[in-house]
Amino acid sequence: MRVSLLKERNFGLLMWGKLVSLVGTQMQNFALSLYVFKITGSASKFATVLMVTIIPQLILGPMAGVFVDWLDRKKIMVYLDMVNGILIGIYAILFYINGELSLGSIYIFAILLSLISVLFQPAISTVIPSIVKKEELVEANSINSLIMNVGNLISPMIAGALFGVYGLFTILVINSISFILSSVSEMFIDIPKVNKKPEVINITSFNKDFKEGIMFIKNSKILFSVICIAVLVNFGGAPLSIGLIYISKSVLKISDMQYGMLETFAASAMIVSPFLCSFIGKKFEFNKVLFGGLLSIGFFIALMSIIPYEPYLNLFDSSLVPYISLIIAEFVLVMAMGVVNISLSIMFQQIVPLDMMGRVGTVMNTGCMASMPLAQLIFGLLYDNISTTICVLISAIIIIITMMVFKKSLLATSLKEKEAISLA
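Residues numbered from 1 in each chain as written. Predicted model: local features only at pLDDT ≥ 70, side-chain atom pairs only at ≥ 80, totals over all residues. Heavy atoms only, no water.

Draft legend 1. Broad picture of the overall build of the chain. For the chain, the count of helices and strands is 19 helices and zero strands. In terms of its C-alpha atoms, the chain occupies a principal-axis envelope of roughly 65 × 55 × 45 Å. Residue burial in the chain is summarised as follows: out of 424 residues, 55% are buried. Across the chain, the fraction of contacts at a sequence separation of at least 24, relative to all contacts at a separation of at least 6, is 89%. On the chain, roughly 18,600 Å² of surface is accessible, and the fraction owed to carbon and sulfur atoms is 69%. A distance of 6 Å separates the average location of the 28 positive side-chain charges in the chain from that of its 23 negative side-chain charges. (Helix = DSSP H or I, 4+ residues; strand = E, 2+ residues; numbered from the N terminus. Buried < 20%, exposed > 50% of the residue type's maximum accessible area, 1.4 Å probe, protein only. Contact = heavy atoms within 4.5 Å. Areas by Shrake-Rupley, 256 points an atom, 1.4 Å probe, with all protein chains shown as cover. Lys, Arg positive; Asp, Glu negative; His and termini not counted. Charge placed at Lys NZ, Arg CZ, Asp CG, Glu CD.)

Draft legend 2. Spatial organisation of the nonpolar core. Membership of the largest hydrophobic core comes to 110 residues, with the highest contact counts inside it found for Phe11, Leu14, Leu168, Leu223, Val352 and Met403. Residues within four places of Leu14 in sequence aside, it is in contact with Met77, Ile124, Val127, Ile128, Ile131 and Ile189. (Core = buried A, V, L, I, M, F, W, Y, C linked by side-chain atoms within 4.5 Å.)

Draft legend 3. Region of the structure containing unusual backbone geometry. Despite not being glycine, Lys253 shows a phi value in the positive range, around 55 degrees. We classify Lys253 as exposed; its relative accessible area is 63%.

Draft legend 4. Spatial organisation of helix α9 (residues 221-237). Its 17 residues give α9 an end-to-end C-alpha distance of 23 Å, which sits within 8% of 24 Å, the value for a rise of 1.5 Å per residue. Buried residues of α9: Ile222, Leu223, Ser225, Val226, Ile227, Ile229, Ala230, Val233, Gly236 and Gly237, and no others. (Expected span 1.5 Å × (residues − 1).)

Draft legend 5. Examining the environment of Lys221 more closely. Mapping Lys221 onto the fold places it in helix α9. Linking Lys221 and Phe11, residues 210 residues apart in sequence, is a C-alpha distance of 32 Å.

Draft legend 6. Looking closely at the environment of Leu315. Residue position: Leu315 is located in the loop between α13 (310-313) and α14 (320-351). Expressed as a C-alpha distance, the spacing of Leu315 and Glu186, which sit 129 residues apart in the sequence, is 53 Å.

Draft legend 7. Molecular detail of helix α3 (residues 73-98). The end-to-end C-alpha separation of α3 is 37 Å, in line with the 38 Å expected for 26 residues at 1.5 Å each. Between a side-chain oxygen at the N-terminus of α3 and the backbone nitrogen of Lys74 the separation is 3.0 Å; the capping residue is Asp72. Downstream of α3 by a residue or two, Gly99 has a phi angle that is positive, lying close to 80 degrees. (Polar contact = N/O pair within 3.5 Å; in protein donor to acceptor, adjacent residues only side chain to side chain.)

Draft legend 8. Layout of the pattern of salt bridges. Under the counting rule described, the total for this entry stands at four salt bridges. Across the pair Asp190 and Arg9 runs a salt bridge, and its minimum N-O distance is 3.0 Å. Of this pair, Asp190 sits in the loop between α7 (168-186) and α8 (203-219) while Arg9 sits in helix α1 (residues 9-40), and the two are 181 residues apart along the sequence. On the accessibility criterion, Asp190 (47% relative accessible area) is partly exposed. Judged by its relative accessible area of 46%, Arg9 falls in the partly exposed class. Between Asp69 and Arg359 there is a salt bridge, and its shortest N-O distance comes to 2.7 Å. Taken together, the residues span a long stretch of sequence, with Asp69 in helix α2 (residues 43-70) and Arg359 in helix α15 (residues 357-369) at a distance of 290 residues. By sharing partners, the salt bridges in this structure join Asp69, Arg73, Glu212 and Arg359 into a single network. (Salt bridge = Lys/Arg side-chain N within 4 Å of Asp/Glu carboxyl O.)

Draft legend 9. Quick look at the packing of α1 against α7. It is the contact of α1 with α7, at a shortest axis distance of 8 Å, that shows an interaxial angle of 160 degrees. Between α1 and α7, the interaxial angle falls into the category roughly antiparallel. Along this stretch, α1 crosses α7, giving a crossing that reads as left-handed. For the contact of α1 with α7, the class distribution of residues is 13 nonpolar, nine polar and one charged. (Axes fitted to C-alpha atoms, helices over the stretch in contact; angles between N-to-C directions. Parallel < 35°, antiparallel > 145°, perpendicular 65-115°, else oblique. Left-handed = near helix turned anticlockwise from the far one by under 90°. Nonpolar A, V, L, I, M, F, W, Y, C, P; charged D, E, K, R; others polar.)

Draft legend 10. Region of interest: the packing of aromatic side chains. Within this structure, the stated rule accounts for 10 aromatic pairs. Pairing Tyr91 with Phe109 gives two aromatic rings, centres 4.2 Å apart and planes at 25 degrees, and the pair type is stacked. Highlighted residues: Tyr91 in helix α3 and Phe109 in helix α4 (residues 103-124), separated in sequence by 18 residues. Classification of Tyr91 as buried rests on a relative accessible area of 8%. For Phe109, a relative accessible area of 1% puts it in the buried group. Every member of this aromatic cluster is reached through a ring pair, and the members are Phe67, Trp70, Phe206 and Phe210. (Phe/Tyr/Trp six-rings, centres within 6.5 Å; stacked < 30°, edge-to-face > 60°.)

Draft legend 11. Local environment of a nonpolar patch on the surface. A cluster of nonpolar side chains, namely Ile55, Ile59, Leu60, Met63, Phe67, Leu71, Ile108, Ile111, Leu112 and Leu115, defines an oily patch on the protein surface of about 780 Å² accessible area. Among the secondary structure elements, those contributing two or more residues to the nonpolar patch are α2 and α4. The element contributing the most residues to the nonpolar patch is α2, with five residues. For Leu71, a relative accessible area of 36% corresponds to the partly exposed category. (Patch = residues over 30% accessible without salt bridge, like charges linked within 9 Å, V, L, I, M, F, W, Y side chains within 5 Å.)

The analysis is restricted to geometry; functional conclusions fall outside its scope.
Structure below.
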């Protein structure tokens, strides 16, 4: 991994801005999840908060991709990070005045942040391939993943300590400042303008560019296969975030600090994944890495289902050993997820032209997330009404069956297609 890339001004500023805003956001997400669970005590209500953040992206995501390809991506990033900072600051003030946030206000907060993310995420996803050379993509993505994972590593530990002592208000203030600092950092990044805004903006030009993005995916067998797999895998795997907090707080009854340590160990697994992906990527094609990674995730989740199983818990006088078991299981699981995500990012950047990344990326993301709101709702109800072990096991079975069904189509897709598309 060539860390010297960080000395390049544009890449360094990008990484700094992303790290600062990520730490603040992860602290906020961590604190809000605990806060919602604390005031409701319900997995299904916690799941609905996660669900409402996804719905705006599903509805508006594909359309937003067209605008991202039309507009100046640097301005999108700078303005929206500033808006994020102001919005979070307003909520911090409201919390300070009222001493609390109602569940309804949290829903509105989550929706507003999600609407901003609809434009921001496809814009920032195009920056790395815009400012680094093609032969540096693997190194740049590995460094990006490493730095972001460092942020994920320290965020839960800091948030757990701050939330326990100072509460939600302090964390909201920190996140507000982090977004403003990120916005300032992005002002100094030189990003080549590859946007192609049509001379006449109307429904016809919008439909033309929108359909162009869909056709690109349709004509790429590997991208189309990935979307189909993601719909089913996300249905099984996305609700695991509910399961983890439910196992931690309701079954093992660990403290906020212990939960923060759990998340910290999981984030440390993400630091290992860029190195592991770099090693594996030199020996196997990306489609094989994706298949092996996703299949292993299914088996790891199946093993995790043993932890909340009552006969297993009864083997011990305290929750210490099950807690350590959960740490180990999540570490391995998250490491595998990291390898899968890095592989997908590199593949996407190599296949899709820069001027189409907004359209293609948002359509892909929408397709991949299509099943998540329903999954969060269903599994939230399941966790409230049936055995936690069975819920986790259902997630594992869905992922394993999906990978076995799509094994032939995924492994039969040659990455020579990828090279042909990228050279077209």
